[in-house]
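Remarks on the overall topology
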Protein chains: 2
Amino acid sequence: MASKSTRDRIVEEADALFYRVGFEATSFHAIASGVGISRGNFYHHFKSKDAILDAVIACRAEATREMLARWETEGRGAREQLLCFIHILVANRADIMGHGCPVGTLTNELAKADHPARESAADIFALFREWLAQRFEVLGAKDRADEYALHLLAWSQGVATLAAAFRDEFFIDREIAAITAWLDKAIGFSPYSH
Amino acid sequence: MASKSTRDRIVEEADALFYRVGFEATSFHAIASGVGISRGNFYHHFKSKDAILDAVIACRAEATREMLARWETEGRGAREQLLCFIHILVANRADIMGHGCPVGTLTNELAKADHPARESAADIFALFREWLAQRFEVLGAKDRADEYALHLLAWSQGVATLAAAFRDEFFIDREIAAITAWLDKAIGFSPYSH
DNA sequence: GTCTATAGCCGGATAGAC
DNA sequence: GTCTATCCGGCTATAGAC
């Protein structure tokens, strides 16, 4: 396997920094020293900071699509696939308590800055929304599939925000249990029926 | 009534700008031209930008305490008082769709910046948490009062984030209805029992 | 208490050598 | 493709006149 290109390493480093410290607060100096190149070298790969942001968002969108596709093969049914989504709050708990949800916090920042990339950042939310709605449709909630999808998205966003504010992981566990209980009720799943 | 002091007008303007465009992104120039004073005049009132942030957070905390106290006199019972909290999503819907929740977005930004004021910003969440828990205690949910309070806070945060991402006010209405239904079930309220 | 002027720093962006 | 050197602008903060 060929080693990563400089361009890819820039995107990777920028992605991590945009998440941990924010887009505006991340300087070229910080990205450059993380990658191990000089500041001037940047402009051979990207013509502006906004161009890096576009690349990071595209990269995140692609990673999201791949993750959703992976869940479809991993989960044995639509309910298990939805549980995969809920599980990311557990798997990423340390990062979430420190820096919130990457999608939610970036969208918020770009909204305040009235940044042209705001919409493409919000489109990652839309990827989740559509994927979740499809699972609910499979489970027979055709009329309310999108409603359920948005509800699940909102709930997980709220958990991420509060977990970051209070740095409380017990709270995450409790909400995960509540979300799972809600899900099973919404789709008419009974623990005794299988 | 005496006209507002320059200091108060600075805090007021900074408060609005920190909400609409964020703390880091707000320059002294923007605050100064909003208030109608020169940049240099600032340092007579505050010794640094962080000092303004502290004043804004203290101001918001005080406004929150006053609002909670007002709800206690306005609401005829604990359930109505809880509905006052839920209602802020409706009353502030335009601002929320444009800039999210003031508490949640500031806490997020300060967390990423690892800013010393992060905790005092999160304390405003704690004010809501304690007040909400007290209402649930009055309603007889003593063991789960804090759990319910956090759940309600998280839910409203999630609604604010998604409403801002999708700019969808119909979504807000639907979630408000769901929150109210959840509340009445949690506290054992029946629409036929009064 | 308010102003103007300016210091000092750091950001993104550019030019051109290698 | 990578580097060094530099420009330009905006930012916080300070000094000192009025």
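For the structure, see preceding data.
These figures come from a predicted structure and were not determined experimentally. Here the residue numbers are simple positions, counted from 1 along each chain's written sequence. Chains and ligands are labelled sequentially in the order written, the chains with letters from A and the ligands with numbers from 1. Side-chain atom pairs in this predicted model are given and counted only at pLDDT of 80 or more, local residue features only at pLDDT of at least 70, and totals for whole chains, interfaces and linings cover all residues. Each side-chain value is derived from all of the structure's non-hydrogen atoms; neither hydrogens nor water enter the calculation.

**Side note on the overall build of chain A**
Filter applied, for reference: To qualify as a helix, a DSSP run of H or I must reach at least 4 residues; to qualify as a strand, a run of E must reach at least 2; elements of each kind are numbered from the N terminus. Buried residues are those whose accessible area, probed at 1.4 Å on protein chains only, stays under 20% of the maximum for their type, while exposed residues exceed 50% and partly exposed ones sit between those limits. We call two residues in contact whenever any of their non-hydrogen atoms come within 4.5 Å of each other. All accessibility values rest on the Shrake-Rupley procedure with a 1.4 Å probe; residue burial counts only the protein chains present in the view. Neither His nor the chain ends is counted toward charge; the positive residues are Lys and Arg and the negative residues Asp and Glu. To locate a charge, take atom NZ for lysine, CZ for arginine, CG for aspartate or CD for glutamate.
When helices and strands are tallied, chain A shows 10 helices and zero strands. In chain A, the order of α-helices and β-strands from amino to carboxyl end is α-α-α-α-α-α-α-α-α-α. Taking the principal axes of the C-alpha coordinates as reference, chain A spans close to 65 × 35 × 35 Å. In chain A, which comprises 194 residues, the share counted as buried stands at 52%. Taking the contacts inside chain A whose residues are at least 6 apart along the sequence as the reference set, 66% of them involve residues at least 24 apart. Carbon and sulfur atoms make up 52% of the accessible area of chain A, which amounts to about 9,400 Å² in all. Distance between charge centres in chain A, computed from 22 positive and 27 negative side chains, equals 2 Å.

**Some remarks on the pattern of salt bridges**
Residues and elements named next belong to chain A. For clarity, the threshold we go by: Salt bridge, as used here, is a side-chain nitrogen of Lys or Arg placed within 4 Å of a carboxyl oxygen of Asp or Glu.
What the rule picks out here adds up to 20 salt bridges over all chains. As a salt-bridge pair, Glu-12 and Lys-4 come within 3.3 Å of each other at their nearest N and O atoms. Using a relative accessible area of 48% as the deciding quantity, one classes Lys-4 as partly exposed. Within this structure, Arg-79, Glu-80 and Asp-184 form a network of salt bridges that share partners.

**A short note on the protein's contact with DNA strand C**
Let me state the cut-off plainly: Note on terminology: near, applied to a residue and a molecule or strand, indicates that one of the residue's heavy atoms is within 4 Å of it. Polar contact is defined as a pair of N or O atoms within 3.5 Å, subject to the rule that within protein one atom must be able to donate a hydrogen and the other to accept it, and that residues adjacent in sequence are counted only when both atoms are side-chain atoms. As a working rule, the residues Ala, Val, Leu, Ile, Met, Phe, Trp, Tyr, Cys and Pro are called nonpolar, Asp, Glu, Lys and Arg charged, and the rest polar, with Gly in that last group.
In the region of DNA strand C, 14 residues are neighbours, and A:Phe28, A:Tyr43, A:Lys49, B:Thr6 and B:Ser38 sit closest. The protein-proximal atoms of DNA strand C, defined as those within 4 Å of the protein, are 65% sugar or phosphate. Here a phosphate oxygen of DNA strand C and a backbone polar atom of B:Ser38 are 2.7 Å apart. The residue inventory of the surface near DNA strand C, partitioned by class, reads three nonpolar, 10 polar and one charged.

**Notes on empty space enclosed by the protein**
Worth spelling out the cut-off: Cavities and pockets were defined on a 1 Å grid built over protein atoms only: a cavity is a set of grid points that admits a 1.4 Å probe from which the probe cannot escape, a pocket is an open set flanked by protein on both sides within 12 Å along at least five of seven lines, and lining residues are those with an atom within 4 Å of any such point. Grid points are joined across faces, edges and corners, and a volume is the space filled by probe spheres set on the points.
Within the structure shown, the criterion is met by four cavities of 30 Å³ or more. Quantified by volume, the largest cavity comes out at close to 50 Å³. If you trace the largest cavity, you find it lined by A:Gly100, A:Cys101, A:Gly104, A:Thr105, A:Asn108, A:Gln157, A:Ala160, A:Thr161, B:Asn108 and B:Thr161. Estimated volume of the second largest cavity: approximately 40 Å³. In terms of lining, the second largest cavity is formed by A:Asn108, A:Thr161, B:Gly100, B:Cys101, B:Gly104, B:Thr105, B:Asn108, B:Gln157, B:Ala160 and B:Thr161. Listed by contribution, the elements that provide at least two residues to the lining of the second largest cavity are α7 (102-112) and α9 (145-166) of chain B. Of the residues assigned to the lining of the second largest cavity, the class counts are two nonpolar, eight polar and no charged.

**Topic: the interface of chain B and chain A**
Selection criterion: Once two parts are joined, some of their accessible surface, as seen by a 1.4 Å probe, is lost; buried area is that loss totalled over both.
Opposite the 38 residues of chain B that make contact, chain A presents 38 residues. Roughly 3,200 Å² is buried in total at the junction of chain B and chain A, and carbon and sulfur atoms are behind 61% of that figure. Across the chain B-chain A interface, the total number found is 10 residue pairs in polar contact (both at pLDDT 80 or more). Going through the elements one at a time, α1 (6-21), α6 (93-99), α7, α8 (118-138), α9 and α10 (169-186) of chain B are the ones with two or more residues in the side of chain B that touches chain A. Ranked by the residues each element gives to the side of chain B that touches chain A, the list is headed by α9(B), at 14 residues. Its residues assigned to classes, the side of chain B that touches chain A shows 17 nonpolar, 11 polar and 10 charged.

Function cannot be read off these values alone, since they describe shape.
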